[in-house]
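Analysis of the macromolecular model
Below, each chain spelled out in residue letters.
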Amino acid sequence: MVNFLQQKKQTVSILTTFAIATFSLHLLVLVIFLVQGLNIRQLSIRKPPNFVQTIDGKPAGVTDDLARDPLVIRQFVSKTMISMFNWSGTLPPQNAEDIAKPQPDPGILIRTIQGGSQRVSTSSWVASFALSEDFRKGFLSAIADMTPPEVFASNSTQAMSAQLTIKRVYPPVAIAPGTWRVGMVADLIQTKGSDNRKTITPFNKDLLVRAVDYFPYPLAENSTDLQKAIYSSRTDKLEIYEIRNLCLLDDYKNTNPNAAYPCEAGSFIR
């Protein structure tokens, strides 16, 4: 009887030791997984390094992630604003067939500042992704108020189109690291389809632009043409975050880059 109790006590002791060891092993594995997860997360949010090599093979100096070429900034502003005010009544062509036979633009409903809903052109909606997220909503509402309903008319005699004709884009002026002010002198030309009568509205604006990161669409091969167009608006690694009225202190043909200043502190659209 005594031998049986001793054997049972020894068995219980072995099981207890095994359970404690197993629990400790699982706890160690859990800690390892947590550490690995934190390391993976830090790698995922870290900015990719810029690898630059000169022609002679010598390592280049540290690159500035906020630096942008002035010409790229001016082209970005021109491209974005022209697309924003491209009210042709047809969808942007995606292939040769669309060029030969343009597809009508149904427009996209946007909530206006007054609380109603009006349509903006698909081109305006796609171009708006070049704006900062907090600025985009209010700007689209203002564009919806500006867009004539006749732009989407199916009858050509009742239709109306509009385009932005840019006269000058001033050289960007740095106002902070990675932030620039760009003046633009342009005319918004609206044309009636019935009599080809044109209405010209001056559109002179000061645009505030800043450098941003760009992450390409992860499933580019499976994305639609519309998705590709939206992501392409961010490839310049720039965004517009404010638009103000522009004051011309000199004729826009003047080559002086300091000829453009904001007329007032308030924004045209904020």
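Everything quoted here is computed from the prediction, not taken from an experiment. (Residues numbered from 1 in each chain as written. Predicted model: local features only at pLDDT ≥ 70, side-chain atom pairs only at ≥ 80, totals over all residues. Heavy atoms only, no water.)

Scanning the protein chain from N- to C-terminus turns up six helices and nine strands. Taken over 270 residues, the protein chain has a buried fraction of 31%. Counting only contacts in the protein chain whose residues sit at least 6 apart along the sequence, the fraction spanning at least 24 positions is 64%. Roughly 17,400 Å² of accessible area belongs to the protein chain as shown, and the carbon and sulfur atoms make up 59% of that amount. (Helix = DSSP H or I, 4+ residues; strand = E, 2+ residues; numbered from the N terminus. Buried < 20%, exposed > 50% of the residue type's maximum accessible area, 1.4 Å probe, protein only. Contact = heavy atoms within 4.5 Å. Areas by Shrake-Rupley, 256 points an atom, 1.4 Å probe, with all protein chains shown as cover.)

If you walk through the whole model with that rule in mind, you get four aromatic pairs. Centre to centre, the rings of Phe85 and Trp87 are 5.7 Å apart; their planes meet at 50°, and the pair counts as tilted. According to the relative accessible area criterion, Trp87 is buried, its value standing at 0%. Ring centres of Phe85 and Phe203 lie 4.8 Å apart, and the angle between their planes is 65°; on these two criteria the pair is classed as edge-to-face. Separated by 118 residues along the polypeptide, Phe85 in the loop between helix 2 (70-84) and helix 3 (96-100) and Phe203 in the loop between strand 6 (198-202) and strand 7 (205-211) bring together distant segments of the chain. Assigned by exposure class, Phe85 and Phe203 land together as buried. An aromatic cluster of at least three residues, connected via ring pairs, comprises Phe85, Trp87 and Phe203. (Phe/Tyr/Trp six-rings, centres within 6.5 Å; stacked < 30°, edge-to-face > 60°.)

Turning our eyes to something else, we now look at the nonpolar core. With 37 residues, the main nonpolar core has Val77, Met81, Phe85, Phe139, Leu164, Met184 and Ile240 as its most contacted residues. Leave out the neighbours within four places in its chain, and Met81 touches Phe139, Leu164, Met184, Phe203, Leu207, Ile240 and Ile243. (Core = buried A, V, L, I, M, F, W, Y, C linked by side-chain atoms within 4.5 Å.)

Alignment of strand 5 (residues 179-192) against strand 6, held across five bridges, turns out to be antiparallel. The residue bridging Asp187 from the neighbouring strand is Pro202, located in strand 6. Hairpin connection of strand 5 to strand 6: five residues between the antiparallel strands, including Asn196 at a positive phi of 60°. (Pairing = 2+ DSSP bridges.)

Further remarks concern unusual backbone geometry. Generally, phi is negative for residues other than glycine and the peptide bonds are trans, each holding for most cases. A positive phi angle, close to 60°, is found at Asn196, a residue other than glycine. With respect to the helices, strands and loops of the structure, Asn196 is situated in the loop between strand 5 and strand 6. The phi angle at Lys237 is positive, at roughly 60°, despite the residue not being glycine. Given the relative accessible area of 36%, Lys237 is considered partly exposed.

Charged atoms that come close allow side chains of opposite charge to pair. Under the criterion given, the structure shown has seven salt bridges. Close ionic contact of Arg197 with Asp195 constitutes a salt bridge, the shortest N to O distance being 3.5 Å. Its relative accessible area of 43% is what places Asp195 among the partly exposed residues. Three or more residues are tied together by salt bridges with common partners; here these are Arg210, Arg234 and Glu239. (Salt bridge = Lys/Arg side-chain N within 4 Å of Asp/Glu carboxyl O.)

Glancing now at the pairing of strand 5. Of all 14 residues that make up strand 5, 13 are buried, and the element is covered over most of its length. One ladder, built from three bridges, connects strand 4 (residues 173-176) with strand 5; its direction is antiparallel. Across the sheet, the residue bridging to Val173 is Arg181, located in strand 5. Between strand 4 and the antiparallel strand that follows it, strand 5, lie two residues; Gly178 among them carries a positive phi value of about 75°. Summarising the sheet, strand 5 and strand 7 pair through six bridges and their orientation is antiparallel. Each residue of the ladder has a partner; that of Val182, found in strand 7, is Leu207.

For the rest of this paragraph, the subject is the confidence of the model for the protein chain. For the protein chain, per-residue confidence averages 78 on the pLDDT scale, and 74% of positions sit at 70 or higher. Low confidence marks residues 250-262, where pLDDT is under 50. Its contacts with residues over four positions away, or in another chain, come to 31 contacts. (pLDDT = per-residue confidence, 0-100.)

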